[in-house]
Amino acid sequence: PGQRKSVIHAQKGISLKTNEATALVEAVMDGRLHKDYVYAGGHQYIITTVLESSYHGRCLSTATAAGVVVIKTDQVLLLATYAEPVTAAEAIPYTHNKVELLK
């Protein structure tokens, strides 16, 4: 199994709690992220799309359109959230481009 490092980088706008981060990492590593809800910044998300190295979902706990993008590479696990006026069609490719810069 791969080695997991305990480094969390946060950006303005999201407050990922330790228990949320731990649950996220464990779910991704166990291949079960899409089988349960994802919690980030106190919001609940459901994964709607599973690709080879990424997961996309929508927020269930807000009235406005919002979502989550989770990308796993050999080096990093990136979680990004977005909300209106940003759409999934804008957020997903933007997040994929950003993860390329982290490689």
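One can find the structure itself at the top, above this paragraph.
Residues numbered from 1 in each chain as written. Predicted model: local features only at pLDDT ≥ 70, side-chain atom pairs only at ≥ 80, totals over all residues. Heavy atoms only, no water.

K.L.:
How would you explain the overall build of the chain if you had to name every residue and give the values?
P.N.:
Helix and strand counts for the chain come out as two helices and five strands. Shown N-terminal to C-terminal, the secondary structure of the chain runs as helices and strands in the order α-β-β-β-β-β-α. Out of the 103 residues belonging to the chain, those deemed buried represent 29%. Restricting the contact set of the chain to residue pairs at least 6 apart, pairs at least 24 apart contribute 25%. A total accessible area of about 7,100 Å² is found for the chain, and carbon and sulfur atoms account for 51% of it. (Helix = DSSP H or I, 4+ residues; strand = E, 2+ residues; numbered from the N terminus. Buried < 20%, exposed > 50% of the residue type's maximum accessible area, 1.4 Å probe, protein only. Contact = heavy atoms within 4.5 Å. Areas by Shrake-Rupley, 256 points an atom, 1.4 Å probe, with all protein chains shown as cover.)

K.L.:
Account for helix α2 (residues 88-102), with residues named and values stated.
P.N.:
Helix length check: α2, at 15 residues, gives a terminal C-alpha distance of 21 Å against a target of 21 Å (1.5 Å per residue), a fit within 8%. For α2, the set of buried residues is A91, I92, T95 and V99. Angularly, the buried residues of α2 cover 95° about the axis, an arc narrow enough to put them on a single face. For α2, the exposed residues lying more than 90 degrees away from the buried face are A89, Y94, N97 and L101. Buried-residue contacts for α2 involve β3 (54-59), β4 (66-72) and β5 (77-83). (Expected span 1.5 Å × (residues − 1). Arc of directions from axis to C-beta.)

K.L.:
Go over helix α1 (residues 18-29), please, and point to the residues and values.
P.N.:
The first and last C-alpha atoms of α1 sit 16 Å apart over 12 residues, in line with the 16 Å expected at 1.5 Å per residue. Among the residues of α1, those classed as buried are E20, A21, L24, A27 and V28. Projected down its long axis, α1 shows its buried positions confined to an angular sector of 135°, all on one face. For α1, exposure combined with an orientation more than 90 degrees from the buried face picks out T18 and N19. Those residues of α1 that are buried lie in contact with β1 (38-40), β4 and β5. Positive phi shows up at G31, right after α1, with a value of about 70°.

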